[in-house]
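Take a look at the letters that make up each chain.
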Amino acid sequence: MIPSQSATGIAPTAPLRAKGIRSRRSWESLGVSARAAVVAGSVLLLIGVTFSLYLATLTHFHSFDSVAYALNIRRFEETGRAGWLFHPHHLLFNCLGWISHETLVCLVDSEATTLTALQVFTCGFGALGVGLFAVWIHEETRSRYVSALAAAALGGSWGWWFASTDGRANVAATALLPLVLWALSRAARASPSSGSLPKRYAGLAGLALGAVCLLHESHVLFLPVALGAAFLPAAPLKARLRRAIALLAAFTATVAIPYVLVLILVKRLGTLSEMQAWLLSYARQDTWWSFALEENLFKDARAEWKFLTGQDLSAPGGSLIWGGPASSVSLLLWTVLTATGIYGWFRGRIPRSGPTIQPPSFGGAVALSGLILYAAFFTIWDPGYYVFWCVQSLFFIALLAFGWQSAARTKSVRAALFLIVLTLGVINYSAAIQPRQETTRNPHLGLAQAVRPIADRGGILLATGTGKAAEAEVYVPYFARMQVLVLHQAFAEANGDPDQAFASLQQTVGKVLGRGNCVFLLSEVVTPGEGQRALARRYGVSPGQIEAFLSRYQRHRVGAYQDLILYRLSPRRQQH
């Protein structure tokens, strides 16, 4: 007896197969292939998981900048002065942070602080950046494995993870850069015969890069790379010019319109010289520039290492110190990842028939160009600051990913690489992320909490604004609600003239005391340490000059935190 089709299970599969065909056709009728739908779903899942991870690990070891952003947003909410929302280096970041705070207060928690709102906001941007990075890597490699591996390496790096949970403008800006890279890749690959499609992708790249610069203006560094990426891919000259012009026009309009509106309507700056002074206020300060290249290169290595692992790299007495066990294991694992990437890069570009090395792919050339350009600039601008190595780390991981594509040919190698990346993420969490979630480990918060019981909202605290207590400049106003008058700012405004700076300080102190409010002094102003050394190095101010200025006031100890003492100042009585 011959078994029926129903008995063998053949017949029931026909409707299922027909259903699958209809489903696939429905996707295709919308212009979306089944593969693209799977990729999109995977990316959304990746963004959701990363966002949840970042929200669950919000830091309480806030950086100076994140507290300053939150403080300015709160000042806007209390005063209504829109100037607090706009900064020349990250024009729209505080504005978006304020919108995030209003949204969080209305929809989730009426007691949410501006700092918490910023953290949630940048957690979202950090997760979005991981997803967009995966999309760009997939566009370049057509490998879901490589794109997922690269995204995990970026999202699990300490710098990206910590900056996302800390409310930093740098990660919010860099998060949109992969969108620029993806649009450039699409513009380069689109057929010249496909009408205006390449130009549209180039325009999208320009618009996205403009948005990136509105979140942090340092990304104007990428404009030459973007223009080259739009112009150089093979096509008739007119087509290449159209791409470059579309990119430049979209970028210029996106950046210029908001800046002009803020300059005229908010800052109310009427002359070009005033506008230029505001826009270039940081560039004109000598504080940020350094041309000690040999020393700066070591600082670059330290910044990159800290971004990847959260561990400090130091060289006291000329001997290199990598840190503890977490740093040593991370060094070994990152060496394996880097060596695998380099091996895969050469394996994919050296043909078996000869020694000629093929040029890098489009994405590889863009990433390498961006890495060199950003690294060169941040070698002379604030060298050694890890958060300015967000972009370089993104490009570095992308270059490794292009190598992993050729090196990871077997399931065992792929599994090993993924295990390494996950292990690095676990190490970063246990050694560097989790400790920063504990408020008791944050000395800056501890100092602000020590000030809070004696704080006077109309009073001031005198501090150097440098050294280990530099964060008091923003921590005390935010967490203790009392203003801080920092000496380094007074000397900067006086162009280093000590007489003018001390006269201004004396006038301010006199006004505060005259209206009956308190003036406090942080002991690091009058004791040898980092603060005094920084003032001497930058402005030539001696401890004797500081002591002479303060000699007209009596000091009364009113509190302490660790080795820092809090004094209250009162005018010294005149001797008759």
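Note that the coordinates shown come from a computational prediction; the quantities given were computed from them, not determined experimentally. All residue numbers refer to positions counted from 1 along the written sequence of the respective chain. Only residues with pLDDT of at least 70 get local features here, since the model is predicted, and only at 80 or more are side-chain atom pairs given and counted; chain-wide, interface and lining totals rely on the full set of residues. Water and hydrogen atoms play no part in the side-chain values, which are based on all heavy atoms of the structure.

**Quick word on the side chain of Thr141**
Its location among the elements puts Thr141 in helix 6 (residues 114-141). Beyond its immediate sequence surroundings of up to four residues, Thr141 is in contact with Val146, Phe402 and Gln405. Numbering goes from the N terminus for both helices and strands, where a helix is a DSSP run of H or I of at least four residues and a strand is a run of E of at least two. Note on definitions: a residue-residue contact is assigned when non-hydrogen atoms from the two residues lie within 4.5 Å.

**Structural notes on helix 8 (residues 158-166)**
The buried label applies to any residue whose accessible area, calculated with a 1.4 Å probe on protein chains only, is under 20% of its type's maximum; exposed applies above 50%, and partly exposed to all values in between. The buried fraction of helix 8 amounts to nine of the nine residues, a majority that puts the element mostly inside the structure. The complete set of buried residues in helix 8 reads Trp158, Gly159, Trp160, Trp161, Phe162, Ala163, Ser164, Thr165 and Asp166.

**Here's the deal with the confidence of the model for the protein chain**
Confidence along the protein chain averages 89 in pLDDT terms, with 90% of residues attaining 70 or more. Along the chain, pLDDT gives the predictor's confidence residue by residue, from 0 to 100. Within the protein chain, no element has a lower average pLDDT than helix 1 (residues 5-8), which sits at 40, and none a higher one than helix 8, at 98. Confidence drops under pLDDT 50 across residues 1-31; counting only partners more than four residues distant or on other chains, this segment forms seven contacts. When the criterion is pLDDT under 50, residues 316-320 qualifies, and its contacts beyond four places in sequence or with other chains add up to six contacts.

**A closer look at the pattern of salt bridges**
Any two side chains of opposite charge can pair, so long as their charged atoms come close to each other. Here, a salt bridge means any side-chain nitrogen of Lys or Arg that lies within 4 Å of a carboxyl oxygen of Asp or Glu. Summed over all chains, the structure comprises 10 salt bridges. Two residues, Arg481 and Glu78, come together in a salt bridge whose shortest N-O distance is 2.9 Å. With Arg481 in the loop between helix 21 (472-480) and strand 2 (483-486) and Glu78 in helix 4 (residues 64-79), this residue pair connects regions lying 403 residues apart in the sequence. With its nearest N and O atoms 2.7 Å apart, the salt bridge here joins Lys468 to Asp563. Placement of the pair is Lys468 in the loop between strand 1 (460-463) and helix 21 and Asp563 in the loop between strand 4 (553-561) and strand 5 (564-571), with a sequence separation of 95 residues.

**Considerations on the packing of aromatic side chains**
We describe a pair of aromatic rings using the distance from one ring centre to the other and the angle between the two ring planes. Stacked, tilted and edge-to-face are the three classes applied to pairs of Phe, Tyr and Trp rings, where Trp contributes its six-membered ring and a pair requires centres within 6.5 Å; stacked means planes under 30 degrees apart, edge-to-face means over 60, and tilted covers the rest. Summed over all chains, the structure comprises 32 aromatic pairs. Aromatic side chains Trp161 and Tyr429 sit 6.1 Å apart centroid to centroid with 20° between the ring planes, which places their arrangement in the stacked category. Placement of Trp161 in helix 8 and of Tyr429 in helix 19 (residues 411-433) is noted, with a sequence separation of 268 residues between them. On the basis of relative accessible area, Trp161 is assigned to the buried category, the value being 5%. With centroids separated by 6.4 Å and ring planes inclined at 5°, the aromatic side chains of Trp289 and Phe291 adopt a geometry described as stacked. For Phe291, a relative accessible area of 60% gives the class exposed. A network of ring pairs unites the aromatic residues Trp158, Phe162, Tyr282, Trp288, Trp289, Phe291, Phe377, Phe378, Trp381, Tyr385, Tyr386 and Phe388 as a single cluster.

**Section: the sheet that holds strand 2**
A pair of strands counts as paired when DSSP detects no fewer than two bridges linking them. On the basis of which strands lie adjacent, the open sheet formed by five strands has the order 2-1-3-5-4 and mixed pairing. Each end of this open sheet is capped by a strand with a single partner; those strands are strand 2 and strand 4. Ignoring strand direction, the axes of neighbouring strands in this sheet form an average angle of 30°. The pairing of strand 1 with strand 2 spans four bridges and is classified as parallel. Residue pairing across strands places Ala463 opposite Val486, the latter belonging to strand 2. In this analysis an axis means a line fitted to C-alpha atoms, helices contributing only their contacting stretch, and an angle means the value between N-to-C directions, from 0 to 180 degrees. Sitting on the sheet, helix 20 (residues 443-451) touches strand 3 (519-522), strand 4 and strand 5, and the angle it makes with strand 4 is about 120°.

**Description of a positive patch on the surface**
Judged by side-chain charge, Lys199, Arg200, Lys238 and Arg242 come together as a positively charged surface patch. Of note, Lys238 is situated in helix 13 (residues 237-266). Residues form patches when they are more than 30% accessible in relative terms and have no salt bridge. Like charges link within 9 Å. Nonpolar side chains (Val, Leu, Ile, Met, Phe, Trp, Tyr) link within 5 Å. Surface exposure here means Shrake-Rupley accessible area, sampled with a 1.4 Å probe, where a residue is shielded only by the protein chains that are shown. Positive charge is attributed to Lys and Arg, negative charge to Asp and Glu, and no charge count is given to His or to the chain ends. Throughout, a charge is located at the NZ atom of Lys, the CZ atom of Arg, the CG atom of Asp or the CD atom of Glu.

**Some words on unusual backbone geometry**
Phi angles above zero are rare outside glycine, and Arg142 is one such case at about 60°. For Arg481, which is not glycine, the phi dihedral falls at a positive 55°.

**Topic: the nonpolar core**
Counting residues in each nonpolar core, the largest one holds 120 residues, and the members touching the most others are Trp160, Phe222 and Phe395. Ignoring anything within four residues of it in the chain, the contact list for Phe395 reads Leu177, Leu181, Phe222, Ala367, Gly370, Leu371 and Tyr374. Of all hydrophobic cores here, the second largest spans 26 residues; its members include Leu462, Val509, Val526 and Tyr567. Grouping buried Ala, Val, Leu, Ile, Met, Phe, Trp, Tyr and Cys residues that are joined through side-chain atoms within 4.5 Å yields what is termed a nonpolar core.

**Regarding the environment of Ala490**
Mapped onto the elements of the fold, Ala490 is located in helix 22 (residues 487-493). Expressed as a C-alpha distance, the spacing of Ala490 and Ala503, which sit 13 residues apart in the sequence, is 9.8 Å. With near-sequence residues (within four places) excluded, Ala490 lies in contact with Ala501 and Leu505.

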